[in-house]
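Survey of secondary and tertiary structure
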Amino acid sequence: MDVVSLGEMLIDFVPDRRGSLDEVESFRKSPGGAPANVAVAVTRLGGKAAFLGKIGLDPFGRYLVEVLEREGVDTRGVVLTEEAKTGLAFVALDESGDRSFLFYRDPSADMLLRECEINEEVLREGLVFHFGSVTQIHPESRLATLMAAKRAREFGKIVSFDVNLRLHLWPGKEEALEQIQRSLPLCDILKVSEEEMELLAGTDDLMKGAEALRAYGPRLVLITLGERGTYYQTADLTGRVPSFRVKPVDTTGAGDAFAGGFLLQMCDRMRGRSFDQVIGFEEELREVIRYANAVGAFTVTRHGAIPALPTKAEVFEFMYAGRGKINKNNPFPR
Ligand code: ATP
């Protein structure tokens, strides 16, 4: 197993046109939830992924499990429950395709994931464990998320944390930042957007912000910059990898697609080598990020989150058709 991803899975209602929610007339049901998107991103790209999370035992929940299974994601760690319904999120798209959300979670099943419901057998099978911050909002699922991250570390897994901050879901900004800062020491790879970095590190300077975040413990900080690509920093390396030129129609899932692409490439390269060895070669690290950028850029050219995720063949074609600067001798380990 390459990646075991833990967190929320819910239904995104994607609007038929841009504009605020009061103007939109119809929505299309689409599977969503960042950690679930990451798991599907990995399997679309030819990797093996499992999803750990709690979903309502209702028609929407059954649909989500079906989606995971159809996409080849391992669902042994999915808990179906009658305690609460599957969460819903209505998406609004602005003129540049950027989104905002209106969530219906009062509470939703994902918030009620318990420590004892984490499938340790699955957790042990992955090379990488990935989690986010939405399941850290509610105390019940927070305990489960943090316990799983700690266990993953004990089992020697590489731990990846995509902050994916949804500030309006937290009781307050201070609590959100405090809680997220507290979970930073649990990860090896930290992925944040520029806004998240500014909030967490208190600076808009990428280098200083990444340094401040690395001080909590992560060995690699990735700051996603949308069309400008991705900034990276390790103890020894720092720089930016530009992204590909595309016409964005919907940015939903770009960050998750990026994360899936990045983690799968890391898994491929870590077989027989350590994490530090892989991130220690700047050329290689930049190649991994370039691939992940391509996966992210491709995703913004299609609607929805999961439906927009590219296959391995699509990324390959996109990278060659786009710029063709890839090393032809060893473009992909897979
Ligand atoms: P999300 O908003 O989904 O949580 P995020 O803020 O983490 O995502 P983005 O920066 O929007 O992530 O996108 C992730 C990556 O995808 C970027 O680092 C970039 O490589 C690529 N990407 C996103 N949007 C574009 C774009 N408009 N043009 C080219 N590449 C893009």
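Look up: the structure comes first, before these words.
Just so it is clear, the structure is predicted and the values come from calculations on it, not from any experiment.

The rules we used
- Residues numbered from 1 in each chain as written.
- Predicted model: local features only at pLDDT ≥ 70, side-chain atom pairs only at ≥ 80, totals over all residues.
- Heavy atoms only, no water.
- Helix = DSSP H or I, 4+ residues; strand = E, 2+ residues; numbered from the N terminus.
- Rg over C-alpha atoms; globule rule 2.2 N^0.38 Å.
- Buried < 20%, exposed > 50% of the residue type's maximum accessible area, 1.4 Å probe, protein only.
- Contact = heavy atoms within 4.5 Å.
- Areas by Shrake-Rupley, 256 points an atom, 1.4 Å probe, with all protein chains shown as cover.
- Lys, Arg positive; Asp, Glu negative; His and termini not counted.
- Charge placed at Lys NZ, Arg CZ, Asp CG, Glu CD.
- Arc of directions from axis to C-beta.
- Salt bridge = Lys/Arg side-chain N within 4 Å of Asp/Glu carboxyl O.
- Polar contact = N/O pair within 3.5 Å; in protein donor to acceptor, adjacent residues only side chain to side chain.
- Pairing = 2+ DSSP bridges.
- Axes fitted to C-alpha atoms, helices over the stretch in contact; angles between N-to-C directions.
- Near = heavy atom within 4 Å.
- Nonpolar A, V, L, I, M, F, W, Y, C, P; charged D, E, K, R; others polar.

**A look at the overall build of the protein chain**
A count of helical and extended segments in the protein chain gives 11 helices and 13 strands. Taking 334 residues into account, the globule formula puts the C-alpha radius of gyration at 20 Å, and the protein chain, at 18 Å, falls close to it. Referenced to the eigenvectors of the C-alpha coordinate spread, the extents of the protein chain come out at roughly 50 × 45 × 40 Å. Taken over 334 residues, the protein chain has a buried fraction of 60%. Sequence-distant contacts, at least 24 apart, represent 70% of the contacts inside the protein chain between residues at least 6 apart. Of the accessible surface of the protein chain, which amounts to about 13,800 Å², a share of 49% is contributed by carbon and sulfur atoms. One way to put it: in the protein chain the 42 positive side-chain charges average out to a point 5 Å from where the 50 negative ones average out.

**Let's talk about the environment of Lys173**
Note on placement: Lys173 falls in helix H5 (residues 173–183). On the basis of relative accessible area, Lys173 is assigned to the partly exposed category, the value being 43%. Note: C-alpha distance between Lys173 and Glu23 (150 residues apart in sequence) is 29 Å. Residue contacts for Lys173: discarding those within four places in its chain leaves Leu167 and Leu199.

**As for the environment of Val246**
With respect to the helices and strands, the residue Val246 is situated in the loop between strand E13 (238–241) and helix H8 (254–270). Looking at Val246, the relative accessible area reads 26%, which means it is partly exposed. For Val246, the residues in contact, after removing those within four places along its chain, are Ala297, Val300, Thr301 and Phe318.

**As for helix H6 (residues 194–201)**
Residues that lie three or four places apart on an α-helix share one face, since the helix turns once every 3.6 residues. By the burial criterion, the buried members of H6 are Glu194, Glu196, Met197 and Leu200. Taken end-on, H6 shows its buried residues confined to a sector of 160 degrees, consistent with a single buried face. Packing partners of the buried residues in H6 comprise H5, strand E10 (189–193), helix H7 (206–214) and strand E11 (220–224).

**Considering the side chain of Lys157**
Among the structural elements, Lys157 can be located in the loop between helix H4 (139–154) and strand E9 (158–162). With no salt bridge to any partner, buried Lys157 finds its closest opposite charge in Glu125, at an N-O distance of 9.0 Å. From its side chain, Lys157 meets the backbone oxygen of Arg124 in a polar contact 2.5 Å long. Sequence-distant contacts of Lys157, defined by excluding residues within four places in its chain, comprise Leu123, Arg124, Glu125, Gly126, Leu127, Phe129, Ala152 and Asp188.

**A closer look at the pattern of salt bridges**
Scanning all chains against the criterion turns up 25 salt bridges. The partner of Glu154 in a salt bridge is Arg151, with the nearest N and O atoms 3.7 Å apart. Highlighted residues: Glu154 and Arg151, both in helix H4, separated by 3 residues, approximately one helical turn. The class for Arg151 is partly exposed, based on a relative accessible area of 27%. The residue Glu284 makes a salt bridge to Arg273 at a minimum N-O spacing of 2.8 Å. Here Glu284, found in helix H10 (residues 282–299), pairs with Arg273, found in the loop between H8 and helix H9 (275–280); they are 11 residues apart in sequence, far enough to count as distant. Overall, Arg273 belongs to the partly exposed group, its relative accessible area being 30%.

**What about the sheet that holds strand E7 (residues 99–104)?**
The strands making up a sheet associate through backbone hydrogen bonding, with each pair oriented either parallel or antiparallel. Taken together, the 4 strands give an open sheet; going across it, the order is E3-E2-E6-E7, and neighbouring strands pair in mixed fashion. The two strands at the open ends of the sheet, each matched to only one other strand, are strand E3 (27–32) and E7. Taken pair by pair, the neighbouring strands of this sheet meet at an average axis angle of 30 degrees, ignoring direction. Sheet topology note: the strand E6 (residues 88–93)/E7 ladder contains 6 bridges and is antiparallel. Paired with Phe90 across the bridge in E7 is Leu102.

**Remarks on the sheet that holds E10**
Pairing within the open sheet is mixed, and its 9 strands lie in the order E5-E4-E1-E8-E9-E10-E11-E12-E13. The strands lining the two open edges of the sheet, one partner per strand, are strand E5 (78–81) and E13. Neighbouring strand axes in the sheet, compared pairwise and without regard to direction, differ in orientation by 15 degrees on average. Pairing of strand E12 (residues 230–233) with E13 involves 4 bridges; the strand directions are antiparallel. The residue of E13 that forms the bridge with Gln233 is Thr238.

**Some points on unusual backbone geometry**
Omega for the peptide link from Asp106 to Pro107 comes to -15 degrees, which places this bond in the cis form. Within the secondary structure, Pro107 is located in the loop between E7 and helix H3 (120–125).

**Observations regarding the site of the ligand**
The environment of the ligand is made up of 22 residues, and the closest members are Arg99, Lys191, Gly226, Ser243 and Asn293. Notes on the ligand: free accessible area 610 Å², of which the protein chains cover 88%. Breaking the shell around the ligand down by element, the ones donating at least two residues are E10, H8 and H10. Residues that form the shell around the ligand fall into these classes: 8 nonpolar, 11 polar and 3 charged.

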